[in-house]
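The chain contents come next:
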Amino acid sequence: TAMAEKKKSPGKGAARRKLKADLAAGTVGSAYIFYGEESYLREYYLGELRKKLVPPGFETFNCHSLEGKDTTAQKLTETAEAMPMMTERTLVTVTDWDLFKLGEDQRERLIALLEDLPPYCCLVFVYDTVEYKPNRTMKKLCKTLEAHVEAVEFPAASSADLLPWISRRFKALGKEIDRASAEYLVFLCGGLMTGLVPEIEKIAAYAKGGTVTQADIDAVADPVL
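From a predicted model like this one, the values you see are computed outputs, not experimental measurements.

(A) Layout of the overall build of the protein chain. Within the protein chain, the regular secondary structure consists of ten helices and seven strands. In terms of overall dimensions, the protein chain has a C-alpha envelope of 60 × 45 × 30 Å along the principal axes. Going through the 225 residues of the protein chain one by one, you find that 44% of them count as buried. Considering only contacts within the protein chain whose residues lie at least 6 apart along the sequence, 77% involve residues at least 24 apart. As presented, the protein chain carries roughly 12,400 Å² of accessible surface, and 55% of it is formed by carbon and sulfur atoms. The distance from the centre of the 30 positive side-chain charges to the centre of the 33 negative ones in the protein chain is 4 Å.

See below:
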């Protein structure tokens, strides 16, 4: 399975690189699935989409959030078709709506929407507490998602990305941290940025010297079991 993972991963990274490039170029797509355990990055990219698509002050009219448990294909279609006000695009996020658990009627209505999504709407399905698990037996849905929706995974960062990120976070708070201490922090508190952000803030506030030590980390960090 390690080999299979290796083979699969470049494609997943490619979707995130494309999203980054599209945000920079202002060519944001029409539909996305955001999934993966690194909610810090997921939220960051959602925020970037919001900034790119909707000018400050117009969020009330043009940013629409739906919760999966309250969502139907009809409600989503109405929301997606709501015209933007004073902006070119709208942003619709649907959190924890498992697309592969929908009954046939709902599935057909969703497929119809995705095949004819209004050009001004950017639709994002966010998988937060629900796991994103495509069901290949639903061929028509899978085909529609592949054709019209960009699935972007936000996995836990590799240490090659995580350690420089930790260093930058501490630097922004006026502290240095060496590689060994950063690795120790990850060992103690886990490798998810979401969990590391508050720990870094606590440690930086506590550390007396300019460089964070393992003793500083031990003093205030909450270890993950």
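(B) Spotlight on the sheet that holds strand S3 (residues 90–95). Pairing is parallel across the open sheet formed by five strands, whose spatial order is S2-S3-S4-S1-S5. Each edge of the open sheet is held by one strand with a lone partner, namely strand S2 (63–67) and strand S5 (150–153). The mean angle between the axes of side-by-side strands here comes to 20°, regardless of whether they run parallel or antiparallel. Bridging between S2 and S3 involves five bridges; their strand directions are parallel. Within S3, the position partnered with Cys 63 by the bridge is Leu 91.

(C) Summary view of the packing of aromatic side chains. What the rule picks out here adds up to nine aromatic pairs. An aromatic cluster of three or more residues is present, and its members are Tyr 32, Phe 34, Tyr 44, Tyr 45 and Phe 154. Between the NZ or CZ atom of Lys 208 and the centre of the ring of Tyr 206, over which it lies, the distance is 4.7 Å.

(D) Geometry of a nonpolar patch on the surface. A grouping of Phe 61, Met 85 and Met 86 is seen on the molecular surface, where their side chains present a nonpolar patch of about 350 Å² in accessible area. Mapping Met 86 onto the fold places it in the loop between helix H4 (73–81) and S3. With a relative accessible area of 70%, Met 86 lands in the exposed category.

(E) Highlighting the side chain of Thr 87. In this fold, Thr 87 is placed in the loop between H4 and S3. Residue Thr 87 is classed as buried on the basis of its relative accessible area, which comes to 14%. Here Asn 62 takes part through its side chain, which lies 3.4 Å from a polar atom of the side chain of Thr 87. Of the polar contacts made by the side chain of Thr 87, one reaches the backbone oxygen of Arg 89; its length is 3.0 Å. Ignoring anything within four residues of it in the chain, the contact list for Thr 87 reads Leu 53, Pro 55, Phe 58 and Asn 62.

(F) A look at the layout of surface pockets. Here the largest pocket is characterised by a volume of approximately 630 Å³. Arg 16, Leu 41, Ala 157, Asp 161 and Met 193 are the residues nearest the centre of the largest pocket, which is lined by 17 residues in total. Where the lining of the largest pocket is concerned, the elements lending two or more residues are helix H1 (2–25), helix H2 (39–53) and helix H7 (159–172). Taken together, the residues of the lining of the largest pocket sort by class into nine nonpolar, two polar and six charged.

(G) Expanded view of the state of the cysteines. Summed over all chains, the structure comprises zero disulfides. Cys 122 carries a free sulfur, and the closest cysteine sulfur to it, the one in Cys 121, is 6.9 Å from it. Residue classification places Cys 122 among the buried positions, given a relative accessible area of 0%.

(H) Representation of the pairing of strand S4 (residues 121–126). Of all six residues making up S4, six are buried, and the element is well covered by its neighbours. Side chains of S4 alternate between two faces, with Cys 121, Leu 123 and Phe 125 and Cys 122, Val 124 and Val 126 buried alike. As judged from the four bridges shared by strand S1 (residues 31–35) and S4, these two strands associate in the parallel manner. Following the sheet pairing, Ile 33 is matched in S4 by Phe 125. Once the chain exits S3 it traverses helix H5 (residues 104–115) before rejoining the sheet at S4, and the crossover so formed is right-handed.

(I) Seen up close, the confidence of the model for the protein chain. In this model, the protein chain carries an average pLDDT of 93, and 95% of its residues clear a pLDDT of 70 or more. Long-range and interchain partners of residues 1–9, a stretch whose pLDDT sits below 50, account for zero contacts in this model, where long-range means more than four residues apart.

Definitions and limits used
Residues numbered from 1 in each chain as written. Predicted model: local features only at pLDDT ≥ 70, side-chain atom pairs only at ≥ 80, totals over all residues. Heavy atoms only, no water. Helix = DSSP H or I, 4+ residues; strand = E, 2+ residues; numbered from the N terminus. Buried < 20%, exposed > 50% of the residue type's maximum accessible area, 1.4 Å probe, protein only. Contact = heavy atoms within 4.5 Å. Areas by Shrake-Rupley, 256 points an atom, 1.4 Å probe, with all protein chains shown as cover. Lys, Arg positive; Asp, Glu negative; His and termini not counted. Charge placed at Lys NZ, Arg CZ, Asp CG, Glu CD. Pairing = 2+ DSSP bridges. Axes fitted to C-alpha atoms, helices over the stretch in contact; angles between N-to-C directions. Phe/Tyr/Trp six-rings, centres within 6.5 Å; stacked < 30°, edge-to-face > 60°. Lys NZ or Arg CZ within 6 Å of the ring centre and 35° of its normal. Patch = residues over 30% accessible without salt bridge, like charges linked within 9 Å, V, L, I, M, F, W, Y side chains within 5 Å. Salt bridge = Lys/Arg side-chain N within 4 Å of Asp/Glu carboxyl O. Polar contact = N/O pair within 3.5 Å; in protein donor to acceptor, adjacent residues only side chain to side chain. 1 Å grid on protein atoms, 1.4 Å probe; cavity = no way out; pocket = protein on both sides within 12 Å on 5 of 7 lines; lining within 4 Å. Points joined across faces, edges and corners; volume = space filled by probe spheres on them. Nonpolar A, V, L, I, M, F, W, Y, C, P; charged D, E, K, R; others polar. Disulfide = S-S within 2.5 Å. Right-handed = clockwise from strand over helix to strand, strands pointing away. pLDDT = per-residue confidence, 0-100.

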